[in-house]
4 protein chains.
Amino acid sequence: MPTILGQNQYGKAENRVVKITRDGDTHHIKDLNVSVALSGDLDDVHLNGSNANCLPTDTTKNTVFAFAKEYGIESAEQFGIHLARHFVNSQEPIKRARIRIEEYAWDRIASSAANSKFIGADEVNHSFVRQGQETRVTQITYDGQNWEVISGLKDLIVMNSTNSEFWGYIKDKYTTLQEAYDRILATQVSGRWRFNWTDDEQRMPNWEKSYAETKKHMLQAFAETYSLSLQQTLYQMASRIINHRSEIDEVRFSLPNKHHFLVDLEPFGLKNENEVYYAADRMYGLIEATVLRDGATAQIPVDMTNL
Amino acid sequence: MPTILGQNQYGKAENRVVKITRDGDTHHIKDLNVSVALSGDLDDVHLNGSNANCLPTDTTKNTVFAFAKEYGIESAEQFGIHLARHFVNSQEPIKRARIRIEEYAWDRIASSAANSKFIGADEVNHSFVRQGQETRVTQITYDGQNWEVISGLKDLIVMNSTNSEFWGYIKDKYTTLQEAYDRILATQVSGRWRFNWTDDEQRMPNWEKSYAETKKHMLQAFAETYSLSLQQTLYQMASRIINHRSEIDEVRFSLPNKHHFLVDLEPFGLKNENEVYYAADRMYGLIEATVLRDGATAQIPVDMTNL
Amino acid sequence: MPTILGQNQYGKAENRVVKITRDGDTHHIKDLNVSVALSGDLDDVHLNGSNANCLPTDTTKNTVFAFAKEYGIESAEQFGIHLARHFVNSQEPIKRARIRIEEYAWDRIASSAANSKFIGADEVNHSFVRQGQETRVTQITYDGQNWEVISGLKDLIVMNSTNSEFWGYIKDKYTTLQEAYDRILATQVSGRWRFNWTDDEQRMPNWEKSYAETKKHMLQAFAETYSLSLQQTLYQMASRIINHRSEIDEVRFSLPNKHHFLVDLEPFGLKNENEVYYAADRMYGLIEATVLRDGATAQIPVDMTNL
Amino acid sequence: MPTILGQNQYGKAENRVVKITRDGDTHHIKDLNVSVALSGDLDDVHLNGSNANCLPTDTTKNTVFAFAKEYGIESAEQFGIHLARHFVNSQEPIKRARIRIEEYAWDRIASSAANSKFIGADEVNHSFVRQGQETRVTQITYDGQNWEVISGLKDLIVMNSTNSEFWGYIKDKYTTLQEAYDRILATQVSGRWRFNWTDDEQRMPNWEKSYAETKKHMLQAFAETYSLSLQQTLYQMASRIINHRSEIDEVRFSLPNKHHFLVDLEPFGLKNENEVYYAADRMYGLIEATVLRDGATAQIPVDMTNL
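A quick note: this is a predicted structure, and the numbers were derived from the prediction, not measured. (Residues numbered from 1 in each chain as written. Chains lettered and ligands numbered in written order. Predicted model: local features only at pLDDT ≥ 70, side-chain atom pairs only at ≥ 80, totals over all residues. Heavy atoms only, no water.)

Undergrad: Break down the packing of helix α4 (residues 207-224) of chain C against helix α5 (residues 230-244) of chain C for me, with residues and values.
TA: Residue and element names in this part refer to chain C. At their nearest, the axes of α4 and α5 sit 8 Å apart, and the two run at 145 degrees to each other. Considering the relative orientation of α4 and α5, their crossing is right-handed. Contacts between α4 and α5 involve T214, H217, M218, Q220, A221, F222 and E224 from the first element and T233, Q236, M237, R240, I241 and H244 from the second. Residues of the contact of α4 with α5, tallied by class, amount to five nonpolar, six polar and two charged. (Axes fitted to C-alpha atoms, helices over the stretch in contact; angles between N-to-C directions. Helix = DSSP H or I, 4+ residues; strand = E, 2+ residues; numbered from the N terminus. Left-handed = near helix turned anticlockwise from the far one by under 90°. Contact = heavy atoms within 4.5 Å. Nonpolar A, V, L, I, M, F, W, Y, C, P; charged D, E, K, R; others polar.)

And the structure:
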């Protein structure tokens, strides 16, 4: 046979599980989008259609919902670890499980004290509004021995309205760009960070606290870097995470340079003193890099889109 | 000629204007998406291609950017009023202008006190993160005499994890739905409210404060209504706005019922006590209604998608 | 009570029904997205949460699927007529039904004659590839007496690479646009046309043939009009439909002017003779108009987004 | 310094270039979305903001448009090869270029013979309608010595309405799925194939013909495989390409199993004989695999989203 089967995986993607935990009248939400991908002894499924080694994707979906009840959802990372361990340990043909999770965050709606006797009102400790800012993500991979946990976020839009320059670059025959000494720097952050936790014997990070702190350091580095290039800003964002968070060994960012062009108002007899910008959609610069703790090995893939 | 020209309008849509205002080192952002639609004596443009009465859409775009400099952007509503008045008053063939604006809100990034000597850092009063929750919208229409201002929001996702029931409905031969005495109620709010300000002689509302207050009342009514139907919740949301905001005479909501189905865990020997839900995408119930101040006339269109 | 209830409607949106009809080994597909909106005596549902007059949205969904079996899907229009009649005639409180349908078209996959003995192959009269070009739409409204049928399409992208000019327009202080004597004209067509069939006693149009012919005339008018403005092209597209299709009395188009800008290649020592264009996303001109058969009354709403 | 810089790349993404070629009155379109990513000696840009080795992303954009004029666009692959060679060979610090291209296909609009004297009409050899079916993609990578060309497509939706079964799978405690002996099989194909052309000395494939033939074989294999699992169908699609196209050594598919569930019509006294289906959005099975020519080495990444 002249063709051979290479890397393959399968599972149910985008299981939208919402878990309500009731602490008396106070409710808590975990709102996840869970995707399962399993690999193992699956040649027969591909080559001759025998499904004897195939746990149906429908079963992987059922398992996600059942585990939300059995284990609760302490954090996306913890939940993914439960799932990955289960699939690899419970099914002999399954050698590797990869669980990807998106998490949507919710805030509580403030009550109206003045309206406390409103029809049907009790405390609004069961009422929520979705934050909508970034989407938190995580990916858990387990092969029966080692763990890889890569977490991060996407779609967080940030802007510095000054403290950004760009000059001193190569000029070739196709270069028309004017040097900039005060420009807007805006990007839609897609970032992933890899934890150095790899083994059940090690103590786990506090996943929730780690996320909050990592996001904070990343935002502060973006805000506080006087930028000579988006690459420089990216490096500061990533290295500040590594310097402050010992549980993280590798960071990768994909940062579109969301261009804000100064509008030429001269034809209308007006002077645009860094006030009026046109926010462009496309084209955009796209700046991507990995930053590692010295001695660590890069594992986050170059393309992180689905990660 | 057997065909006649009916309602028509034209203009440049989705002008993405960002205005930075510098108050010393502290910057302020207004981030708008402005769409212009003009109507008037434009039969010739359609019938024989004469553009003598046509102000180019490119000019309407230029005007948006120039006005951001000339008038600033105090609020989306105020900015739209400047634009609409200009187009109608300055061009004889233009009889009516409709300005639609989406506004994207930004928060400031908190600085890291401990890192105050970080390379290149000054105060981060020029650094912002986009809120991402809802998109604020407004539509200004002016015909040379009267104003219509309809503002609102879209894509605000809210959820009550209890205090929602649905029962006592019609049962016909196609009905299989079980009555529900404790269900999740979730929706993605699209709402519009019409101001009773219609005349330059009247005092204008405080557009920014009105928006904040209206959103607050809407959220509280959602949270505090013990719901027997999404229709009932909608009515409470709308009427609470009218009862609290004298500047608003009409409210319309389009509320998709974002279904959260209790997952049947019985096959796995588990009991689902209103804990684990599957969040469905489609199909969804869609509940839409207008609520008016007694005596007011409905003007908000039934279809609000682009409004 | 100072607030009153205005226009309201409800129902299940986006019911994705796929109907396979087996004609021996040859299968036929109808692939629809059906949205139901009902109005009537529904004040109590909004005002006090009594659902006694409310046919659940879940039931409207069930009805869509059951009717696909009971009546088949001859055309989207015919299917919508069955549904609308049912809801109004079978439920006393329901006074008006509006059915919106999107239809996705499929082509057959050609078989490989040379591979006719391939493993598992039989005739591929059950294999399809989705066309993907435009989405066909229809909206049926019935109030127990009269019918309104508005059909159309959206997301059909067309381009003329020449035979388009734009000049002779108003120049004001904000005008910088250069006149164009040979430009690309491209748009993403959203069009709706209203049939003059309104009564069960009248003979129905052949909905499938009418769609095919209307689309053909529209495309030909776009291609064959030497354009002095997109407005002129729009008028030709609409009037050609009315002139050729006696079953249609009103047409409305919403045509974004998808700008293709000539790239300035002079800085690189190159001459751009209408060869290299940059296709912009935003801003875009947006041209909208209704064209009517003489004597007809306009009914298609100005905003057609969800129509 | 405890952090080090890993893989990094940058460039202008999504350059939307449209090239019109005029062959007398007959025009030809190439409509591309071109993304450039460059790597090389770029540590200084990240570490200290020196841009001395940085060719601006704006220049990479200019180059795309200038090359459309200088070289024309014979095929997306050929165009990408010109660009990649230029960036690596012309700039000493640039060691590697990766060009990604999406291509949008256009058909000609048929003229109306009967209307040949229509106002302003000439031949419509300059009028086009976008196909809209799949998006063709390619990725060219060049490091100064070797070439890697990976082409493919995305968003091609296909369906078999019969000849698909799924049974004989693992049943564990979370399995509730019923075995299926006649089901719909539908997927949205994302596929990539790697050419074995790697060296300027080798003769290049005919890129346009290769694409057309590869798509044809892929569709026929989908249609003609009697399927016991989507994995089996995937393997047939990929291996048929390798067996018929000697220029291709590796194929990877990512195939969401777009579930079509038989609707239970029993409660309405109806029997659903594989006629009425509900087309679900999420969750979906996701089946992914690489198939290689015997002896070839896998190079297509596991995650192909942006590829």
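Undergrad: Please provide a residue-by-residue account of the interface of chain A and chain B, values included.
TA: Reports often express the size of an interface as the amount of accessible area lost when the parts come together. Taken together, the contacts link 68 residues of chain A with 67 residues of chain B. Buried surface at the junction of chain A and chain B, both sides included, amounts to about 5900 Å², of which 57% is carbon and sulfur. Viewed at the interface, chain B and chain A are joined by four salt bridges. Close ionic contact of D182 of chain B with R22 of chain A constitutes a salt bridge, the shortest N to O distance being 3.8 Å. Linking chain A with chain B are 31 residue pairs in polar contact (both at pLDDT 80 or more). For the side of chain A that touches chain B, the residue count by class is 33 nonpolar, 21 polar and 14 charged. (Buried area = accessible area lost by both parts, 1.4 Å probe. Salt bridge = Lys/Arg side-chain N within 4 Å of Asp/Glu carboxyl O. Polar contact = N/O pair within 3.5 Å; in protein donor to acceptor, adjacent residues only side chain to side chain.)

Undergrad: Tell me about the relation of the copies chain C and chain B, residues and numbers included.
TA: Mapping chain C onto chain B is achieved by rotating through 180 degrees and translating by 0.0 Å along the same axis, at an RMSD of 0.0 Å. The operation mapping one copy onto its partner corresponds to a two-fold rotation axis. Take the interface residues of chain C: 100% of them recur as interface residues in chain B, which is what a same-surface contact looks like. (Least-squares fit on C-alpha atoms with pLDDT ≥ 70 in both.)

Undergrad: Residue-level account of the interface of chain C and chain B, with values.
TA: Opposite the 80 residues of chain C that make contact, chain B presents 80 residues. Together, the buried faces of chain C and chain B total about 7000 Å²; carbon and sulfur atoms form 52% of this surface. Taken together, the connections running from chain C to chain B amount to four salt bridges. For the salt bridge of R282 of chain B with E14 of chain C, the shortest nitrogen-to-oxygen distance reads 2.7 Å. Mapped by element, the contributors of at least two residues to the side of chain C that touches chain B are β1 (3-13), β2 (15-23), α1 (43-47), α2 (57-70), α5 and β13 (284-293) of chain C. In terms of residues, the side of chain C that touches chain B owes the most to one element, β1 of chain C, which gives eleven residues. In terms of residue class, the side of chain C that touches chain B is made up of 33 nonpolar, 32 polar and 15 charged. Two elements, strand β13 (residues 284-293) of chain B and β1 of chain C, share nine bridges in a ladder whose sense is antiparallel. (Pairing = 2+ DSSP bridges.)

Undergrad: For the pairing of strand β10 (residues 248-257) of chain D, give the residues involved together with the corresponding values.
TA: Residue and element names in this part refer to chain D. Here β10 lies mainly inside the structure; ten of its ten residues are buried. In the sheet, strand β9 (residues 185-195) pairs with β10 via seven bridges, with the strands oriented antiparallel. By the bridge assignment, G191 is partnered in β10 with F253. Examined bridge by bridge, β10 and strand β13 (residues 284-293) share eight bridges and lie antiparallel to one another. When the sheet's bridge partners are listed, N257 is paired in β13 with G285. (Buried < 20%, exposed > 50% of the residue type's maximum accessible area, 1.4 Å probe, protein only.)

Undergrad: Which residues make up the pairing of strand β7 (residues 135-142) of chain A, and what values go with them?
TA: Residue and element names in this part refer to chain A. For β7, the tally of buried residues reaches eight of eight residues, placing the bulk of the element in the interior. In β7, alternate side chains face the same way, and those of T135, V137, Q139 and T141 on one face and R136, T138, I140 and Y142 on the other are all buried. Bridge count for strand β4 (residues 94-103) against β7 is seven bridges, and the pairing is antiparallel. From the neighbouring strand, I101 faces β7, where its bridge partner is T138. Of the strand pairs in this sheet, β7 and strand β8 (residues 147-160) are connected by eight bridges, and their pairing is antiparallel. Paired with R136 across the bridge in β8 is L153. Turn length for the β7-β8 hairpin, with the two strands adjacent in sequence and antiparallel, is four residues, and the turn residue G144 shows positive phi of about 95 degrees.

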